[in-house]
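# What the coordinates show
Below, each chain spelled out in residue letters.
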Amino acid sequence: MSAAPDLWGDPARLFRCNGWLCPSHGLVYALTRVNLGHGLFLYAISFFASDEFFEFTPIFVIRGRIPVWSGEMKCILHIGTEKTGTTLIQKWIYSNEESLSRQGVALTKTAGHPNNRMLAAMFQRNLDDYLRMIGVTDEAGRKASFETFRANFRDEVEALSKDHHTVVLTSEHMQSRLKTHEEVAELATFIGEFFTDVEVVCYFREQSQFRRSLYSTALKSGKAISFQKFHADPFKYRHYYDYEFIMDKWVTAFGAGSVSPVMFDRNKMRHGDIRKDFIERTMPDVDLGGLLYDVSSENESLSALQSVAVRLINERHPKFIKNQANSLRNRMVRSVIGAAHLKRGSVSDGRSEEIFNGFAESNRRFFGKYFNADENLFEPPPRDRSEESPKEEIGIVHDLTESLLNINGLTVITEKEVERLTELAVGLARGGGESREGALVLLKVLQRVRPKSSTIENAILEAENV
């Protein structure tokens, strides 16, 4: 008597037929699969021994579809939330990609990196700035991109399974962009196709502090709104602020035993470091001593002065023009973020205590259900010190920024336009004579727009030597 052979992927991993099949008998099998939703599948595998008319049909339910390769793989799914050190974790683990790989832990390239945002984008219903940046402008485009992504991801995970036992997928946009139960359930079904074990990890931050930090991200993303008006009624944005609602979605899709909520509190983090805390919670066998720590904190919040300047820039210059990045706007914002003298004061609207109290009851339910606590474990936020904000400096920055933005000659030019003008200028230069002189003038103008462009620099050298 023998075990069931490798008929489809390796069903023998999930079901063994010892004592039932005789090696000398012919064997036919049929597989029936039914999607039960929430990442669960019902399977019925029928085995037929032809010369004895024997039939045996085990029926069982597992999470996810049977993988088509033989290696068992675990997935660590880090979903955020936003503003809980996600950017730091992402850049840090990718800076240690080789070291982690030697310990059997793999990172993905096909889902984007270091933020695996493509994974969230493929399941979200609304089209956002990220999808526009990768050229997806409608639902048909998203579906076409998903099919390509699915095939590439399948090939990547199959290759990784040969010498890795764990894959880390990380993007805070999985939490913030997948707003409905259906979107999260579809992601769970997809993940279940490739991994035999999934652990979802999500850090949570006190809501008033989260809103303050989220406003900074909104400005960097192109919003032109005051802090007073930003999520003025945060209780309407359940997918951001209602932590019980968020956890319920992910537990429904992945199962209570597969979702780990964590408080974002540096005083309670292991070793006082979000990077080490994340690794020790999810992959305790990883040798922390073998990893590098030269990647520092990223994506810091804008100061009060920076926020004023960036908001005014956003009012005049949208982040996208005809679905193309507005490079002028992006360069101005980078300059503001890099200006050390503008890193003064914190954004405040005096509502921290109100928001903390407003979420007190839902937080008690959240902590009671998922932390086995009978109280709101978040510490009250520090008192808003709006009276200490640099009001005079804010006024100066406001007026100065407005004056600069009113200067005639600030022209928006897209990357594609620069590329096309460069091509035209090179063609003119090769024509010689007056065309070459005109081409040089155009190329030098373009160089002021793109001072670090090696393409334009080489074109100028070529034109000067024609």
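In the block above lies the structure referred to throughout.
The following paragraphs examine the structure supplied in this document. Please read these numbers as outputs of a predicted model, since none were measured by experiment.

## Here we look at the environment of Asn-96
One can find Asn-96 in the loop between helix H1 (86-95) and helix H2 (97-102). Placed 199 residues apart in sequence, Asn-96 and Val-295 show a C-alpha to C-alpha distance of 9.8 Å.

## Here we look at the nonpolar core
One finds Leu-77, Leu-119, Ile-191, Phe-195, Trp-250 and Phe-254 to be the most contacted residues of the largest nonpolar core, which totals 75 residues. Per element, the largest residue contribution to this core is seven residues, and it comes from helix H10 (residues 243-254). With sequence-adjacent residues up to four places away left out, Leu-119 is seen in contact with Leu-77, Ala-111, Phe-149, Leu-169, Met-174, Leu-187, Phe-190 and Ile-191. The next biggest cluster of nonpolar side chains, apart from the first, holds 23 residues, and it includes Leu-100, Tyr-203, Val-262 and Leu-291.

## Considering empty space enclosed by the protein
Across all of its chains, the model carries one cavity of 30 Å³ or more by this definition. Here the largest cavity is characterised by a volume of approximately 30 Å³. Together, Ser-208, Arg-211, Arg-212, Phe-227, Asp-349, Arg-351, Ser-352 and Ile-355 line the largest cavity. Contributing elements (two or more residues each) for the lining of the largest cavity: helix H8 (207-220) and helix H14 (352-358). It is H8 that contributes the most residues to the lining of the largest cavity, three residues altogether. Residues belonging to the lining of the largest cavity are distributed by class as follows: two nonpolar, two polar and four charged.

## Examining the environment of Gly-80
Counting through the fold element by element, Gly-80 comes out in the loop between strand S5 (74-78) and H1. Each residue touching Gly-80, except ones within four places of it in the same chain, is listed here: Thr-86, Ser-171, Glu-172, Val-201, Cys-202 and Tyr-203.

## Comments concerning the side chain of Asp-242
Topologically, Asp-242 is positioned in the loop between helix H9 (238-241) and H10. The class for Asp-242 is buried, based on a relative accessible area of 12%. Every residue in contact with Asp-242, bar those within four places of it in the chain, is listed here: Tyr-237, Phe-359 and Ser-362.

## A short note on H10
When the terminal C-alpha atoms of H10 are compared, their 16 Å separation across twelve residues agrees well with the 16 Å that a helix rising 1.5 Å per residue should span. Extensive coverage of H10 is indicated by the burial of ten of its twelve residues. Of all the residues in H10, the buried ones are Tyr-243, Glu-244, Phe-245, Ile-246, Met-247, Lys-249, Trp-250, Val-251, Ala-253 and Phe-254. The opening residue of H10 is Asp-242, an N-cap whose side-chain oxygen sits 3.3 Å from the backbone nitrogen of Glu-244. A positive phi of about 100 degrees marks Gly-255, the residue just after H10.

Rules used in this analysis
Here the residue numbers are simple positions, counted from 1 along each chain's written sequence. In keeping with the model being predicted, local features are shown solely for residues with a pLDDT of at least 70 and side-chain atom pairs are shown and tallied solely at 80 or more, while totals for entire chains, interfaces and linings include all residues. Computation of side-chain values covers all heavy atoms of the structure but excludes hydrogens and water. Secondary structure elements follow DSSP: runs of H or I of four or more residues count as helices, runs of E of two or more count as strands, with numbering from the N terminus. Residue types Ala, Val, Leu, Ile, Met, Phe, Trp, Tyr and Cys, when buried and joined through side-chain atoms within 4.5 Å, form a set referred to as a nonpolar core. The buried label applies to any residue whose accessible area, calculated with a 1.4 Å probe on protein chains only, is under 20% of its type's maximum; exposed applies above 50%, and partly exposed to all values in between. We call two residues contacting when some pair of their heavy atoms lies within 4.5 Å. Only protein atoms enter the 1 Å grid used here. Points where a 1.4 Å probe fits but cannot escape make up a cavity, open sets with protein on both sides within 12 Å along at least five of seven lines make up a pocket, and a residue lines them when an atom lies within 4 Å of a point. Grid points are joined across faces, edges and corners, and a volume is the space filled by probe spheres set on the points. Residues were grouped as follows: Ala, Val, Leu, Ile, Met, Phe, Trp, Tyr, Cys and Pro as nonpolar; Asp, Glu, Lys and Arg as charged; and all remaining residues, including Gly, as polar. Here the expected span of a helix is defined as 1.5 Å times the quantity of residues minus one. In protein, a polar contact requires one atom able to donate a hydrogen and another able to accept it; more generally it is a pair of N or O atoms within 3.5 Å, and residues adjacent in sequence count only if both atoms are side-chain atoms.

Read these as geometric descriptors, not functional statements.
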